[in-house]
Amino acid sequence: MEEKQKLLILYATQTGNAMDAAERIGREAERRACPVSLLSIDQFDPSSLPDQRTVIFVVSTTGQGDTPDSMKVFWRFLLQRHLTQDWLGAVNYAVFGLGDSGYQKYNFVAKKLDKRLSDLGGRSIIDKGLGDDQHPSGYEGTLDPWMSSLWSSLYQINPKLFPKGLDFVVPDAELLDQPKVVVTYHATNQVHSLSSDTSDLDSRAVQIECARLMSPAKFPSDKSRPHCWLRMTSNSSLTRAGCGRDVRHLEFEFHSSAVEYEVGDVLEILPSQNPDVVDAFIRRCNLDPEAFITVQSRDADDAAAYPSRMPIRLKTFVELTMDIASASPRRYFFEVMSHYATAEHEKERLKYFASPEGREDLYQYNQKERRTVLEVLEDFPSVQMPFEWLVQLVPPLKTRAFSISSSPVAHPNQVHLTVSVVSWTTTFKRKRSGLCSKWLAELDPQQGVYVPVWFQKGLLPAPSPSLPLILIGPGTGCAPFRGFIAERAIQNQSNPTAPILFFFGCRKEEDDFLYSNFWISHSQTGGVLSKEKGGGFYVSFSRNQPQKVYVQHKMRDHSQEIWDLLGKGASVYVAGSSTKMPSDVMAAFEEIISKEGGVPKEAAVRWLRALEKAGRYHVEAWS
């Protein structure tokens, strides 16, 4: 009975943001003397959900409206038909979602979870909260006011959750607990080195695995040790020098053993951080780079789930797991810093940044300027945080995902990538660049560079040779379709293949017409993009004329061809920027179906939804 008086918080996260938000809700509840049980949703038995009195769900939406991996089993359970309309009749719940309004299916997981819980008889405590990455303060812009309403609503339905009353709040200074991790230091003579017959790359792979398995970020076990190493063989620019954009064509070959992949798959790369920045961080924090450490959860259950690993050098652990050079710290980082600031003016500023009143100023200082962990620490020199807190709070070093632009059939033993080098200038004129793209662009193939990688299934399934295709890929969205078309050209040499319509877009023909010779050659007589084959290649140059022309305009110009190919069972593939392009392309399809099919707009929308459900409309978009 006592357990039911706890506030249960379940989170489903893909990148860690939902976990951060759930932990924040948990900390705010504990400040109000409300007992909390915080679990990842895959640690919770869904069959016991009716036994809970109050549950807060914090869920992120991934890709194009997909549930996080950790939520898939839970969600399948909720969809079982035998569950009755009053199955959750005794459960009070609230849902907070994390999403990006730049995507079509914004916060789709939170919305469908909220509806399903209601359909099963659950009582919503408060309207679902929808955090938006596009908000100036990120998801916290919605979370703060949502939590304020949450506490009063919870108190009304179950005052026992707040034994000291709703107005009671523990001061921050009294709430700071121990960090969640324990760092153990090992004497050098107690550390066993890898056997001498282990290659340097094998040794590095073991280091990556050990470091990432020890990290409190809880990287999935299949994302710990690299699937393989790739050796860079080519690094060339696809854009005109001085045009304001730098897009690279990178080629790699497998080292030792090859990994099977298909067109449409995704390559994840663990970037290297600048050694000078790593050294500066270690000096700033008064750490011993040569110390051997192991990191373990302070929680006994977590510690048992992750048995102790081989000790690793502190510097290596920082390099491989802690993003000190590109990611901005979370608000809780500033709150913990305030406890360790010895200069009073620094303490006051940090406490202000960590407060709801300081949220907008923190955004201006931190997120908008994309200040790194090292830059923040250097701005508050009196702060000396214990290494355990740094391990817990520094954003994890994540792999970066890229659509593969090669075909294993057309490019055996090779992997190609099309990488846009991310760079921008902040409001206060700081030069910023993407950690991974900048690192890749600066690699010299002549130096014998090896890159640790993981292969993953993307959202664009490999098509059969007999499937007609309508491809829309502006900018670097063309990357996966280079692999599609190269593979179909090989298949076409032995047997006739289905036609392909491809719509590409860029700014200017002379600046960033990526792979122009490749597309043009395949659109000529007999090529897989040629009119003789029933296909076509159409390109829009948005800045070549006063009025901007995008891929959706070219689609409308060729609506009859699109309609004819849809009638022949074509599948649609869309890839590129998530900002507006996918929704603009969807709107263009709706217009084309309505016009060419002679049906009302509403019928065209239903037609497209049916196409999606049939697995014939695929989108892979990135921010």
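Residues numbered from 1 in each chain as written. Predicted model: local features only at pLDDT ≥ 70, side-chain atom pairs only at ≥ 80, totals over all residues. Heavy atoms only, no water.

> So what's going on with the state of the cysteines? Which residues, and what values?
In this structure the tally under the stated criterion is zero disulfides. Free cysteine: cysteine 210, not disulfide-bonded; nearest cysteine sulfur from cysteine 228 at 19 Å. In this model cysteine 478 remains outside any disulfide bridge; the closest cysteine sulfur is found in cysteine 506, 9.3 Å from its own. (Disulfide = S-S within 2.5 Å.)

> Let's hear about the UniProt feature "binding site: FAD" (unreviewed entry) in the protein chain: which residues, and what values?
In the UniProt entry, the feature "binding site: FAD" (unreviewed entry) is given for Arg370, Arg400, Ala401, Phe402, Ser403, Gly434, Leu435, Cys436, Ser437 and Trp622. In summary, the annotated positions, distributed over 253 residues, remain apart in three dimensions as well, the widest C-alpha pair reaching 25.4 Å. Taken from the residues named earlier, the lining of the second largest pocket is made up of Arg370, Gly434 and Leu435. Relative to the assigned elements, leucine 435 resides in helix H15 (residues 435-442). Excluding anything up to four places from it in sequence, leucine 435 contacts Pro271, Ser272, Gln273, Asp323, Ser326, Leu397 and Arg400. Its location among the elements puts tryptophan 622 in strand E22 (residues 617-622). (UniProt positions renumbered as here; feature names shortened; annotations may be inferred. 1 Å grid on protein atoms, 1.4 Å probe; cavity = no way out; pocket = protein on both sides within 12 Å on 5 of 7 lines; lining within 4 Å. Helix = DSSP H or I, 4+ residues; strand = E, 2+ residues; numbered from the N terminus. Contact = heavy atoms within 4.5 Å.)

> Tell me what's going on with unusual backbone geometry, and back it up with residues and numbers.
Positive phi, close to 50 degrees, is recorded for asparagine 107, a residue that is not glycine. One can find asparagine 107 in the loop between strand E4 (92-99) and helix H3 (108-119). The class for asparagine 107 is buried, based on a relative accessible area of 0%. Even without being glycine, arginine 370 reaches a positive phi, approximately 50 degrees. Tracing the backbone through its elements, the reader meets arginine 370 in the loop between helix H12 (359-367) and helix H13 (373-379). Residue classification places arginine 370 among the partly exposed residues on the basis of a relative accessible area of 34%. (Buried < 20%, exposed > 50% of the residue type's maximum accessible area, 1.4 Å probe, protein only.)

> Before we move on, could you go through H15 and cite the residues and values that matter?
By the criterion of burial, H15 is predominantly enclosed, with six of the eight residues buried. The set of residues buried in H15 consists of Leu435, Cys436, Ser437, Trp439, Leu440 and Ala441.

> Mind laying out the UniProt feature "binding site: FMN" (unreviewed entry) in the protein chain, listing which residues take part and the relevant values?
Mapped onto the present numbering, the UniProt feature "binding site: FMN" (unreviewed entry) falls on Thr13, Gln14, Thr15, Gly16, Asn17, Ala18, Ser60, Thr61, Thr62, Gly63 and Asp133. Residue placement: threonine 61 occurs in the loop between strand E3 (54-60) and helix H2 (72-78). Setting aside anything within four residues of it in sequence, one finds threonine 61 in contact with Asp66, Leu98, Lys105, Asn107, Phe108, Val109 and Ala110. At 3.3 Å, the side chain of threonine 61 forms a polar contact with the backbone nitrogen of phenylalanine 108. Summarising the element assignment, threonine 62 is placed in the loop between E3 and H2. Given a relative accessible area of 16%, threonine 62 falls into the buried group. The contact partners of threonine 62, leaving out residues within four places of it in the chain, are Gln14, Thr67 and Pro68. (Polar contact = N/O pair within 3.5 Å; in protein donor to acceptor, adjacent residues only side chain to side chain.)

> Residue-level account of the environment of valine 169, with values.
Here valine 169 is to be found in the loop between helix H4 (140-157) and helix H5 (172-175). On a C-alpha basis, the gap between valine 169 and glutamate 30 in space is 8.6 Å, while along the polypeptide they are 139 residues apart.

> Outline the domain arrangement of the protein chain, supporting the account with residue identities and numerical values.
In terms of domains, the protein chain is made up of domain 1 (7-170) and domain 2 (469-621). Averaged C-alpha coordinates put domain 1 and domain 2 at centres separated by 39 Å. Between domain 1 and domain 2, the contact holds five residues from the first and eight residues from the second. Overall, the association of domain 1 and domain 2 removes approximately 520 Å² of surface from exposure, summing both partners, and the carbon and sulfur fraction of that is 44%. (Domains from an automatic or database assignment. Buried area = accessible area lost by both parts, 1.4 Å probe.)

> Would you mind going over empty space enclosed by the protein in detail, with residue names and values included?
Considering all chains together, one arrives at one cavity of 30 Å³ or more under this definition. Residue contributions to the lining of the largest cavity peak at four residues, all from helix H16 (residues 479-491). (Points joined across faces, edges and corners; volume = space filled by probe spheres on them.)

> Give a detailed account of the sheet that holds strand E20 (residues 536-541), specifying residues and quantitative values.
The strand order across the open sheet formed by five strands is E20-E19-E18-E21-E22, and the pairing between neighbours is parallel. Edge positions in the sheet fall to E20 and E22, since each of these pairs with one other strand and no more. Strand-to-strand twist in this sheet, taken as the mean axis angle between neighbours without regard to direction, amounts to 10 degrees. Where strand E21 (residues 571-577) lies against E22, six bridges are found, and the strand directions are parallel. Paired with serine 577 across the bridge in E22 is tryptophan 622. Contacts from helix H21 (residues 581-597) reach strand E18 (469-472), E21 and E22 within the one sheet, and its direction differs from that of E21 by about 150 degrees. (Pairing = 2+ DSSP bridges. Axes fitted to C-alpha atoms, helices over the stretch in contact; angles between N-to-C directions.)

> Hey, could you go over the pattern of salt bridges for me, with residue numbers and the actual values?
Counted according to the given criterion, the structure contains 31 salt bridges. Notably, a salt bridge pairs lysine 115 with aspartate 119, separated by 3.0 Å at the nearest N-O pair. Of this pair, lysine 115 and aspartate 119 both sit in helix H3, four residues apart, which is roughly one turn of the helix. With a closest N to O distance of 3.9 Å, glutamate 561 and lysine 531 form a salt bridge. Here the residue glutamate 561 occupies a position in helix H20 (residues 559-567), and lysine 531 occupies one in the loop between helix H18 (516-523) and E20, the gap between them amounting to 30 residues. What makes glutamate 561 partly exposed here is its relative accessible area of 26%. Take lysine 531: its relative accessible area is 56%, and that puts it in the exposed class. By sharing partners, the salt bridges in this structure join Arg24, Glu140, Asp144, Arg331, Arg359 and Glu360 into a single network. (Salt bridge = Lys/Arg side-chain N within 4 Å of Asp/Glu carboxyl O.)

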